[in-house]
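Read off the chains here:
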Amino acid sequence: MDVNIENSWKQQLYDELDKPYFKGLIDFVEQEYKTQTCFPKGSQIFAAFDYCSFDDVKVVIIGQDPYHGVGQANGLCFSINNGITMPPSLINIFKEIESDINIPFPSNGNLERWAKQGVLLLNATLTVRSHEAGSHQGKGWEKFTDAVIQSISNNKSDVVFLLWGGFAKKKGAKINNKKHCILNSGHPSPLSANRGYWFGNKHFSKTNEYLIKTNQLPIRW
């Protein structure tokens, strides 16, 4: 499998892409895509990087796994392809945006429009088998995406990291909070949201306030 990652990221992650674990990971993914139905499609595995170059990153949202239903995953965390029914977590994200900054509920859940504005929509694991959540965890993706987060933390400043739920908080534990803005809340999944850990976090207005304060363009959520 050709690792066709966007050039600015290739420069940042040059050493990582050459490590034995990464080569083993790519061999595993290649075999899985040959013998199983996996998501997202091969050309979208690195979509988060394609839509949002290293230089453009202003906001990072950390997810866990791609969606594992047919036609859902498009390589951006929490995002789905056009024409696909919105999963509950994404519905709760849009509900919070609506109450926080008064942007009406959108007609589709494709978040490419965020990625193109500098929002890195990063899943910890970039691939999954059809209908088998977590099936590609523990194969090396987490190590790779830790390196991505570390690279942003070390080599950029004034990035907003949105850490939703315990998994994302652990994943972002080493981010330098002296040079970046870290916003924590519960996960937007119904289990967490209905217990009061998600709604009212105002992460979307807080993100834009910080971006404006640091002379960056706000995100059109």
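Basis of the calculations
- Residues numbered from 1 in each chain as written.
- Predicted model: local features only at pLDDT ≥ 70, side-chain atom pairs only at ≥ 80, totals over all residues.
- Heavy atoms only, no water.
- Helix = DSSP H or I, 4+ residues; strand = E, 2+ residues; numbered from the N terminus.
- Buried < 20%, exposed > 50% of the residue type's maximum accessible area, 1.4 Å probe, protein only.
- Pairing = 2+ DSSP bridges.
- Salt bridge = Lys/Arg side-chain N within 4 Å of Asp/Glu carboxyl O.
- Axes fitted to C-alpha atoms, helices over the stretch in contact; angles between N-to-C directions.
- Contact = heavy atoms within 4.5 Å.

### Notes on unusual backbone geometry
In this structure, the amide linkage connecting Phe 39 to the following residue, Pro 40, adopts the cis form with an omega of -10 degrees. Assignment of secondary structure puts Pro 40 in the loop between strand 1 (38-39) and helix 4 (47-51). Located in the positive-phi region is Phe 78, a residue other than glycine, with phi close to 70 degrees. Taking relative accessible area as the criterion, Phe 78 reaches 11% and is therefore assigned buried. Positive phi, close to 55 degrees, is recorded for Lys 202, a residue that is not glycine. Along the chain, Lys 202 falls in the loop between helix 9 (190-193) and helix 10 (203-213). Given a relative accessible area of 40%, Lys 202 falls into the partly exposed group.

### A few points about the pairing of strand 2 (residues 59-63)
Where burial is concerned, most of strand 2 is hidden: five out of the five residues are buried. Residues of strand 2 alternate between two faces, with Val 59, Ile 61 and Gly 63 on one and Val 60 and Ile 62 on the opposite face, all of them buried. Examined bridge by bridge, strand 2 and strand 3 (residues 119-123) share five bridges and lie parallel to one another. Opposite Ile 61, over in strand 3, you have Leu 121 as the bridge partner. In the sheet, strand 2 pairs with strand 5 (residues 160-164) via three bridges, with the strands oriented parallel. In the strand pairing of strand 5, Val 60 is matched with Phe 161.

### Focus: the pattern of salt bridges
A complete count under the given rule lists five salt bridges for this structure. Note that Arg 129 is salt-bridged to Glu 132, the shortest N-O span being 3.7 Å. The class of Arg 129 is partly exposed, set by a relative accessible area of 21%. Look at Glu 132 and you get partly exposed, because its relative accessible area is 37%. With a shortest N-O distance of 2.8 Å, Asp 146 and Lys 171 are connected by a salt bridge. Pair noted here: Asp 146 is in helix 7 (residues 141-155) and Lys 171 is in helix 8 (residues 165-171), with a separation of 25 residues, a long-range link.

### Concerning the sheet that holds strand 3
Taken together, the four strands give an open sheet; going across it, the order is 3-2-5-6, and neighbouring strands pair in parallel fashion. Both outer strands of the open sheet, strand 3 and strand 6 (181-185), are each paired with one neighbouring strand and no more. Taking the axes of each pair of neighbouring strands and ignoring which way they run, one obtains an average angle of 20 degrees across the sheet. Here helix 10 sits on the sheet in contact with strand 2, strand 5 and strand 6, set at roughly 165 degrees to strand 5.

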